[in-house]
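Given next are the chains, with one letter for each unit.
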Amino acid sequence: MSKTGKNNNLCYRYGNANCQVRPADGVSGFLHSSADGYFFRVYDKSGDFTDYQLLHDDLEVTIARGALASFYANETIAVLDHSPAVLGLTAVTRPDKEG
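From a predicted model like this one, the values you see are computed outputs, not experimental measurements.

### Points about the side chain of Ser83
Mapped onto the secondary structure, Ser83 falls in the loop between β7 (78-82) and α1 (84-87). In this structure, Ser83 is in contact with Leu68, Ala69, Ser70 and Tyr72, ignoring residues within four places of it in sequence.

Following this line, the structure appears as structure tokens:
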């Protein structure tokens, strides 16, 4: 592909390698964790995917509607995880207090 190819992709020197570059804004994908940390998985129309190592340190994230995700917080923790229905959690009257 040429330097300004069909998808407006450009090539840049990134670290020690020449890489094809395309803007990531507006791209949907999935945040996954592994033993090496987090990565961002992007599927193409055929169902194939590319896993991208996360190096961006202040990336804005919007959680999609229907993602079955919930925030859990009390005086000692603040966690983003699957929804209570996915985890099979039982409802209680109030959060724990520290100590």
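Read on for the rest.
### Brief notes about the confidence of the model for the chain
Confidence in the prediction of the chain, expressed as mean pLDDT, is 88, and 89% of residues score 70 or more. In this model, residues 1-5 is a region of pLDDT below 50 whose contacts with residues beyond four sequence positions or in other chains number nine contacts.

### So, the environment of Tyr52
Inspection of the secondary structure puts Tyr52 in strand β5 (residues 49-53). Here Tyr52 falls in the partly exposed class, since its relative accessible area comes to 37%. For the pair Tyr52 and Arg41, spaced eleven residues apart in sequence, the C-alpha separation works out to 6.2 Å. When near neighbours in sequence (up to four residues on either side) are disregarded, Tyr52 contacts Arg22, Phe39, Phe40 and Val42.

### As for the sheet that holds β5
Reading across from one edge, β3-β4-β5 is the order of the three strands in this open sheet, with antiparallel pairing throughout. A single partner strand is all that each edge strand has here, and the edge strands are β3 (30-34) and β5. Neighbour to neighbour, the strand axes of the sheet diverge by 35° on average, direction disregarded.

### Re the packing of aromatic side chains
Under the definition given, this model contains two aromatic pairs. Residues Phe30 and Tyr43 carry aromatic rings whose centres are separated by 6.0 Å and whose planes lie at 80° to one another, so their mutual orientation is edge-to-face. Residue Phe30 is found in strand β3, and its partner Tyr43 is found in strand β4 (residues 37-43); the two are separated by 13 residues along the sequence. Taking relative accessible area as the criterion, Tyr43 reaches 41% and is therefore assigned partly exposed. Here a set of aromatic residues connected by ring pairs shows up, and it is made of Phe30, Tyr43 and Phe49. For the cation-ring pair, Arg41 lies above Phe49, with the distance from its terminal atom to the ring centre recorded as 3.9 Å.

Cut-offs and rules
- Residues numbered from 1 in each chain as written.
- Predicted model: local features only at pLDDT ≥ 70, side-chain atom pairs only at ≥ 80, totals over all residues.
- Heavy atoms only, no water.
- Helix = DSSP H or I, 4+ residues; strand = E, 2+ residues; numbered from the N terminus.
- Contact = heavy atoms within 4.5 Å.
- pLDDT = per-residue confidence, 0-100.
- Buried < 20%, exposed > 50% of the residue type's maximum accessible area, 1.4 Å probe, protein only.
- Pairing = 2+ DSSP bridges.
- Axes fitted to C-alpha atoms, helices over the stretch in contact; angles between N-to-C directions.
- Phe/Tyr/Trp six-rings, centres within 6.5 Å; stacked < 30°, edge-to-face > 60°.
- Lys NZ or Arg CZ within 6 Å of the ring centre and 35° of its normal.

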